[in-house]
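Chain residues, written in single-letter form:
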Amino acid sequence: MHLHIIGIGGIGVSALARFYRRSLGWRVTGSDASDFSFRERLESEGIGIHIGHSADVVTTDTDLVIYSEAIITKPDLSYAENLEAIPELKRAKELGVRSLSYPQALAEIFDAREGIAVTGSHGKSTTTAMIGVMLQNTSKASSVIVGTQVPQFGQSNFWNSESSQYFTIEACEYKRSFLAYHPYITIITNIDLDHLDYYKNLDDYFSAFESIIRQTRGYVVMRWDDEHSKELYHRIYAWADTAWLPIPVMVGEGKIATTRDGETHFEDLPSSWNLQVPGDHLEHDAELAYVVGRILELDSQTLVSGLESYQGSWRRSEVIGETQNGNILMSDYGHHPEEIKPTLKAIKEKYPDRKLFVIFQPHQYSRTRELLSEFATAFDDADELMIPNIYFSRDKAEDIEYMTMDRLIATLKPRYSQIQHGQWLEETARYLEYYDHTFPNSSVILLLGAGDVDNLRSTFPLEK
């Protein structure tokens, strides 16, 4: 059997490639518009990669084509018109080859087991990875597909437990794609308005989470101390016939509150954590993962031990290494103000004797425009701040025209007088080399953002 994946450089869809290759034994090929950092690793696993779009990679022996929705790049065209412009999909249609989007393909695998879906505005990847690591050596081990690479999954974004009835995934809310899934357990990490290139307002955003709750079969886990999650809980459970809804499990203030048949049962959360990754927000993620384990009836000590073994993951407060000039190089995927604030706070607390130099690449002109006032107060823990040009993704012409770098820098300048415009990444790299040589043994250098800012890690020769 032959699977071809379009947009295989995406961190989520590449995990699906690994599932078909390792677990099902299919021949897997993939194409992507440009090269990507983990291409060689996929090729070493027997997955053939073609750079650039070409109809020729879909052949008469192809049984299935899966495409990442990241290939939908032209906002002036409809969804169908975007797909029609992709040569591989045109050829698949001509040959009668079945084609599925990433969420559709993942749903076929996920819904066949007891699915655990982790969604929310922030912390999805970490919480998903934590659940996988926590359950890994228990009787309730779960297969996992996650949007990051995890050391305890062999530096992979996929881990398979073939005998397990459970499957844990990171479920993205963008364009309501998570509504392809019908989970047994849904975890909502938090709710902060995002993806304003798609959602009209907060009510529209809420409606997506309400929909995923209503198609969850067993339990929904939310944080009682997250204001928007609490509001969503009241919207759904205050007036509805709860017999047709999943059992709500609310987490916060040191307690787990499970409401079943009109009665609420309380259980204490662990009073303290000895996590290997720093930050209060990581403890919140660990609490949500812990609750999943308790729903699966695992004992507290086993769960705490599993979570405290979690070693972190790629681009989640990742320590890349130390430069030859003694500065610590880190990378993080955070791109929303409510992700940035706790990340910087945690790093500053972990390294109090070092300056924190943040290189933040904004992701999307539309997101930067809509959240501009929030970005203006997001960098209080940065000692130095450099902003490279905004990363383009699915942006409309009016957002690009409005959200200039001059406007962004001028908005942040009154609060962050040390701000610098990094220009393109090539210019940013040159300044980083200068900074590393001029201020040795002084700083944490953080590459921050969801675009290609992480490519700057190659700027630095690291200590062995």
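Residues numbered from 1 in each chain as written. Predicted model: local features only at pLDDT ≥ 70, side-chain atom pairs only at ≥ 80, totals over all residues. Heavy atoms only, no water.

Asks: Report on the pairing of strand E18 (residues 384-388), specifying residues and quantitative values.
Replies: The buried count for E18 comes to five of five residues, which makes it a mostly enclosed element. Inspection of the sheet shows strand E17 (residues 355-360) paired to E18 by three bridges, in the parallel sense. By the bridge assignment for E18, Val358 is matched with Leu385. Direction of pairing for E18 relative to strand E19 (residues 419-423): parallel, over a ladder of four bridges. Within E19, the residue paired with Met386 across the bridge is Gln420. (Buried < 20%, exposed > 50% of the residue type's maximum accessible area, 1.4 Å probe, protein only. Helix = DSSP H or I, 4+ residues; strand = E, 2+ residues; numbered from the N terminus. Pairing = 2+ DSSP bridges.)

Asks: How would you sum up the environment of Leu89? Please name residues and give values.
Replies: Tracing the sequence through the fold places Leu89 in helix H4 (residues 87-95). Taking the C-alpha atoms as reference points, Leu89 and Val65, separated by 24 residues in sequence, lie 7.8 Å from one another. The residues touching Leu89, leaving out its near neighbours within four places in the chain, are Ile6, Val65, Tyr67, Ile71, Leu83 and Ser99. (Contact = heavy atoms within 4.5 Å.)

Asks: Requested: an account of unusual backbone geometry, with residues and values cited.
Replies: In the Ramachandran plot, Gln155 falls in the positive-phi region, its phi being about 55° despite a non-glycine side chain. Topologically, Gln155 is positioned in the loop between strand E7 (142-150) and strand E8 (156-159). The class for Gln155 is partly exposed, based on a relative accessible area of 35%. If you check the backbone angles, Arg315 has positive phi at about 65° while not being a glycine.

Asks: So what's going on with the layout of surface pockets? Residues and values would help.
Replies: Reported here for the second largest pocket is a volume of approximately 460 Å³. Taken together, 21 residues line the second largest pocket, and the ones lying closest to its centre are Gln155, Ser313, Trp314, Glu318 and Arg457. A class-by-class count of the residues in the lining of the second largest pocket yields six nonpolar, nine polar and six charged. (1 Å grid on protein atoms, 1.4 Å probe; cavity = no way out; pocket = protein on both sides within 12 Å on 5 of 7 lines; lining within 4 Å. Points joined across faces, edges and corners; volume = space filled by probe spheres on them. Nonpolar A, V, L, I, M, F, W, Y, C, P; charged D, E, K, R; others polar.)

Asks: Kindly report on the sheet that holds strand E3 (residues 48-51), identifying the contributing residues and their values.
Replies: Strand order in the open sheet formed by five strands is E3-E2-E1-E4-E5, and the pairing between neighbours is parallel. Each of the sheet's edge strands pairs with one partner strand only, and the pair in question is E3 and strand E5 (98-101). With strand direction ignored, the average angle separating the axes of adjacent strands in the sheet is 20°. Both strand E2 (residues 27-32) and E3 contribute to a ladder of four bridges, which runs parallel. Directly across from Gly30, in E3, lies its bridge partner Ile49. Those strands touched by helix H5 (residues 102-110) are strand E4 (64-67) and E5, and its axis lies near 95° from that of E5. (Axes fitted to C-alpha atoms, helices over the stretch in contact; angles between N-to-C directions.)

Asks: Describe in detail the packing of helix H9 (residues 280-295) against helix H10 (residues 300-308), supporting the description with residues and values.
Replies: For the pair H9 and H10, interaxial distance at closest approach is 10 Å and the crossing angle is 145°. Note that H9 runs across H10; the crossing there is right-handed. Between H9, through Ala286, Ala289, Tyr290, Gly293 and Arg294, and H10, the contact on the second element is made entirely by Ser300, Leu303, Val304 and Leu307. When the residues that make up the contact of H9 with H10 are grouped by side-chain class, the tally is six nonpolar, two polar and one charged. (Left-handed = near helix turned anticlockwise from the far one by under 90°.)

Asks: Can you explain H10? Please cite residues and give values.
Replies: Within H10, the full set of buried residues consists of Leu303, Val304, Gly306 and Leu307. Viewed along the axis of H10, the buried residues span an arc of 165°, placing them on a single side of the element. In this structure, the buried side of H10 is in contact with helix H6 (124-135) and H9. The opening residue of H10, the one whose side-chain oxygen lies 3.2 Å from the backbone nitrogen of Gln301, is Asp299. (Arc of directions from axis to C-beta. Polar contact = N/O pair within 3.5 Å; in protein donor to acceptor, adjacent residues only side chain to side chain.)

Asks: Which residues make up the packing of aromatic side chains, and what values go with them?
Replies: For any pair of aromatic rings, the description consists of the separation of the ring centres together with the inter-plane angle of the planes. Here the structure, examined in full by the defined rule, presents 23 aromatic pairs. Aromatic side chains Phe360 and Phe375 sit 5.6 Å apart centroid to centroid with 35° between the ring planes, which places their arrangement in the tilted category. Of this pair, Phe360 sits in strand E17 while Phe375 sits in helix H13 (residues 372-375), and the two are 15 residues apart along the sequence. The class for Phe360 is buried, based on a relative accessible area of 2%. Judged by centre distance (6.0 Å) and plane angle (90°), the ring pair of Phe379 and Tyr416 falls under edge-to-face. (Phe/Tyr/Trp six-rings, centres within 6.5 Å; stacked < 30°, edge-to-face > 60°.)

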